[in-house]
Amino acid sequence: MTSERVGSSTRNLRSRSVLAGQAAAATAEVEHALAPRPDPLAAAFFDVDNTLMQGASIFHFARGLHRREFFTTSDIMRAAWQQMYFRVAGVEDPEHIAKARSSALAFIAGHRVSELQEIGEEIFDEQMAGRIWPGTRAIAQQHLDRGERVWLITAAPVEVASVIARRLGLTGALGTVAEHVDGVYTGELVGEMLHGEGKAVAVRAIAEREGLDLARCSAYSDSSNDLPMLSLVGHPCAVNPDARLLAHAKANGWQIRDYRTGRKVAVAGTKAAATGVLAVGAWQLARAASRRAR
């Protein structure tokens, strides 16, 4: 090969390299121009049970603990029956509710925080991962893609909520807090369960801490119990809503997303009630189990 041909080949190679570099830079510039600008004043808040996940996360967690012999099947059935009686008979009084709240996490008394965190990861894979609603998960990802922070706000234990948030790549989670001393759970709650108005208080606290504009924020829930939180933001959305929330959302022009189909929608109220009974039962049943272990 002559020196002229070698020189020409080298120049062509350099020219193609320059063109490749320019094309890559141009593509990156176009993608950057088309990408949504992050909004540092916006965030999204998601309820978990029946909003992000089918069923109650605490019940799925309890099933995982049951498999690990934290408590027995008869414990679950007895507690679930007790809760059904209180709900159907309508004799659930303030004293009973207060006792339920104070003993909700007694089943983990004596266990280390690190142990529950490790178990939570395993239970997510076993019981929860396949129950995430794809539609709600996609909405959360849209918020993340826009550069917004995404928080889970749930009455479930914060340890459970944090596992879900971490595994889904979300910003973080707020949930019911169990007291622990030197890394060991005492079996008592810090305050009360994160529920109803408590969720709205938590959202306000996050907004103040992180400089959010609530009018630019979004919130998602299936339950009318979360109306205080939904009403707090500029973009509320009812996801798989119960009857009361559905009516409120329609009356106020809120977005509605329902990922249930067919028979699931027809029996949604019954399933929600049953799930709630079992979930609360799962929280209470372990009080007896933890006492037996002491």
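Preceding this paragraph is the structure being described.
Structure report, in brief.

### Notes on the overall build of the protein
Now for step 1: A tally of helices and strands in the protein yields twelve helices and eight strands.
Now for step 2: For the protein, the proportion of its 294 residues judged to be buried stands at 43%.
Now for step 3: Looking at the protein alone, contacts between residues at least 24 apart form 65% of all its contacts between residues at least 6 apart.
Now for step 4: For the protein, the exposed area adds up to about 15300 Å²; of that, 55% sits on carbon and sulfur atoms.

### Regarding the sheet that holds strand β2 (residues 149-157)
The strands that make up a sheet pair up through hydrogen bonds in the backbone, lying either parallel or antiparallel.
Now for step 1: Judged by pairing direction, the sheet is parallel, and its six strands sit side by side in the order β3-β2-β1-β6-β7-β8 without closing on themselves. The outermost strands of the open sheet, each flanked by one partner alone, are β3 (172-176) and β8 (255-257). Each neighbouring strand pair of the sheet contributes to a mean axis angle of 20°, computed without reference to strand direction.
Now for step 2: Alignment of strand β7 (residues 235-239) against β8, held across three bridges, turns out to be parallel.

### Some points on helix α2 (residues 57-67)
Because the α-helix completes a turn every 3.6 residues, residues three or four places apart line up on one side.
Now for step 1: Among the eleven residues in α2, eight count as buried, and that is most of the element.
Now for step 2: Within α2, the full set of buried residues consists of S57, I58, F59, H60, F61, A62, G64 and L65.
Now for step 3: Phi turns positive, to about 65°, at E69, one or two residues after α2.

### Thoughts on the pattern of salt bridges
Now for step 1: Under the counting rule described, the total for this entry stands at twelve salt bridges.
Now for step 2: K199 is paired through a salt bridge with D226; the nearest N and O atoms lie 3.1 Å apart. In this pair, K199 is assigned in helix α8 (residues 197-210) and D226 in the loop between β6 (218-221) and α9 (227-230), connecting sequence segments 27 residues apart.
Now for step 3: What makes K199 buried here is its relative accessible area of 3%.
Now for step 4: For D226, a relative accessible area of 3% corresponds to the buried category.
Now for step 5: Between R209 and E210 there is a salt bridge, with its nearest N and O atoms 2.9 Å apart.
Now for step 6: Exposure remark for E210: the relative accessible area of 21% places this residue in the partly exposed category.

What counts and how
- Residues numbered from 1 in each chain as written.
- Predicted model: local features only at pLDDT ≥ 70, side-chain atom pairs only at ≥ 80, totals over all residues.
- Heavy atoms only, no water.
- Helix = DSSP H or I, 4+ residues; strand = E, 2+ residues; numbered from the N terminus.
- Buried < 20%, exposed > 50% of the residue type's maximum accessible area, 1.4 Å probe, protein only.
- Contact = heavy atoms within 4.5 Å.
- Areas by Shrake-Rupley, 256 points an atom, 1.4 Å probe, with all protein chains shown as cover.
- Pairing = 2+ DSSP bridges.
- Axes fitted to C-alpha atoms, helices over the stretch in contact; angles between N-to-C directions.
- Salt bridge = Lys/Arg side-chain N within 4 Å of Asp/Glu carboxyl O.

Coordinates in, geometry out; function isn't part of it.
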